[in-house]
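A closer look at the structure
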Amino acid sequence: MKRRSFLKGTVTSSMLGVAASAGLLTPQSVLAAWPKAAFDAKTVDGGMEAALGSSSASESGDIKIKAPDIAENGAVVPITISTNMPDVDAIAVFIEKNPVPIACSYDLGATTKGFISCRVKMGKTSDLIAVVRSGGKLYSAKKMVKVTIGGCGG
Amino acid sequence: MAKKKIRIRAKLKGDVTEVKALMSHPMETGLRKNKKTGEKIPAHFIKEVTCEHKGNQVIVANWGVAISKNPYLAFRFTGAAKGDTIKVSWNDNKGESASAEATIK
C-alpha cells in the first residue's frame, strides 16, 4: 500500500516537472504549476495579482514576519512568515525594491500550517511584504529591512 | 553540475511535523556579470520545490531568482507519524531536477 502511493506520487510529480520545464503547460492549466506571469511582473501589485488572483490585501496583525532589521549581507536574508489564521492555502513574499518583486510563493496543503521559513536575496533596503491567503481572502503584513552591502550604508 | 544534494530533517513534535530542507544549487539571477569577461552569467534557479507525504503534496514552493544560493526551506504540517517517509524534490529553469527522502523522527 505504502509503495503504491509512493509510486503514484513519484510519477505525477516527475511528469509535472517534465511538462513544466518543457514549456508544454501554461501556468493556469495545472494546479501548482510555476506562475510565470507572477515572476515576470515588475510591481508588487502585478505579482500579487498573478500569483494569488488579486492585488487587494488587507493588512493584518495576525501575520508575523521574522526578519533582521538590518541585513549585513543582502544575498542571504533569513525570513520566517507565520500566522495562526485558519485555512491558509497560500503564502507569498514580495520584496518591493527588487528587480523582480515576488520572491517566492507557496501553495499549502490542507494539513500544512501557516509557517514558512526561507532565505532571500535583497538588492537594497526595502519593505518585505508577506501575503497570506486565508479562506479566499488576502491579508498582508510589512516589515522594513535595511541592507548594508559592504558597509556602504542603506 | 555540482552535486545535487538535498538534506532533509523532519521532526515530529506533538502532532506537528517540522521539516527543514537544505538544497545545493547556485541560484544564479541572470543579472550578475562574470568579472573577468564582463559577460552575463545566465540565470539558473530552482523554480519549484514539492514536498510529499504519503503521496499528498504538503507544500509546493514557487521560487524566483530572489531565493538565496543553496536554498533553505522550512515548514510545518500535521497528520504525520514517526517513521513516515517525506519526499522533497525540485526542478529548475534548465530542466534539471533532484529529489530526496527522509524519515520523520
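Residues numbered from 1 in each chain as written. Chains lettered and ligands numbered in written order. Predicted model: local features only at pLDDT ≥ 70, side-chain atom pairs only at ≥ 80, totals over all residues. Heavy atoms only, no water.

**Here we look at the pairing of strand β4 (residues 56-63) of chain B**
Taking burial as the measure, the eight residues of β4(B) include six buried ones, the bulk of the element. The pairing of strand β6 (residues 102-108) of chain A with β4(B) spans five bridges and is classified as antiparallel. Paired with A:L108 across the two strands is B:I59, which belongs to β4(B). (Buried < 20%, exposed > 50% of the residue type's maximum accessible area, 1.4 Å probe, protein only. Helix = DSSP H or I, 4+ residues; strand = E, 2+ residues; numbered from the N terminus. Pairing = 2+ DSSP bridges.)

**So, helix α3 (residues 44-52) of chain A**
All names here are of chain A. Burial in α3 covers these residues: V44, G47, M48 and L52. The arc that holds the buried residues of α3, viewed along the axis, is 100°, so those residues lie on one side. Taken together, the buried residues of α3 touch α2 (36-40), β5 (88-95), β8 (126-134) and β9 (137-147). At the exit of α3 stands G53, carrying a positive phi of roughly 90°. (Arc of directions from axis to C-beta. Contact = heavy atoms within 4.5 Å.)

**Thoughts on the nonpolar core**
Among the nonpolar cores identified, the biggest contains 70 residues, and A:Y106, A:V120, A:L128, B:M23, B:V49, B:W63 and B:F75 are the most heavily contacted of them. Per element, the largest residue contribution to this core is seven residues, and it comes from β5(A). (Core = buried A, V, L, I, M, F, W, Y, C linked by side-chain atoms within 4.5 Å.)

**Quick word on the packing of aromatic side chains**
With the rule as written, the count across this model stands at one aromatic pair over all chains. It is B:R76 that lies over the ring of A:F115; its NZ or CZ is 3.7 Å from the centre. (Phe/Tyr/Trp six-rings, centres within 6.5 Å; stacked < 30°, edge-to-face > 60°. Lys NZ or Arg CZ within 6 Å of the ring centre and 35° of its normal.)

**Structural notes on the confidence of the model for chain B**
Taken over all residues, the pLDDT of chain B has a mean of 87, while the share at 70 or more is 97%. Taken over the whole predicted complex, pTM reads 0.78, whereas the ipTM for its chain interfaces reads 0.85. (pLDDT = per-residue confidence, 0-100.)

**Observations regarding the environment of A:A92**
Residue and element names in this part refer to chain A. Note on placement: A92 falls in strand β5. With 10 residues separating them along the chain, A92 and I102 place their C-alpha atoms 7.6 Å apart. When near neighbours in sequence (up to four residues on either side) are disregarded, A92 contacts L52, C104, S105, I129, A130 and V131.

**Describing the pattern of salt bridges**
All names here are of chain B. Counting across every chain of the model gives six salt bridges over all chains. Between R76 and E18 there is a salt bridge, with its nearest N and O atoms 2.5 Å apart. With R76 in strand β5 (residues 72-78) and E18 in strand β2 (residues 16-23), this pair connects stretches of sequence that are 58 residues apart. The partner of D84 in a salt bridge is K54, with the nearest N and O atoms 3.9 Å apart. With D84 in the loop between β5 and β6 (85-92) and K54 in the loop between β3 (46-53) and β4, the pair connects residues that are 30 residues apart, well separated along the chain. (Salt bridge = Lys/Arg side-chain N within 4 Å of Asp/Glu carboxyl O.)

**Remarks on unusual backbone geometry**
Trans is the common state for peptide bonds, and a negative phi is the common state for residues other than glycine. Its identity as a non-glycine residue notwithstanding, A:D87 has a phi of 55°, on the positive side. In this fold, A:D87 is placed in the loop between β4 (77-83) and β5. Backbone geometry places B:N70, a non-glycine residue, at a positive phi of 50°. Within the secondary structure, B:N70 sits in the loop between β4 and β5.

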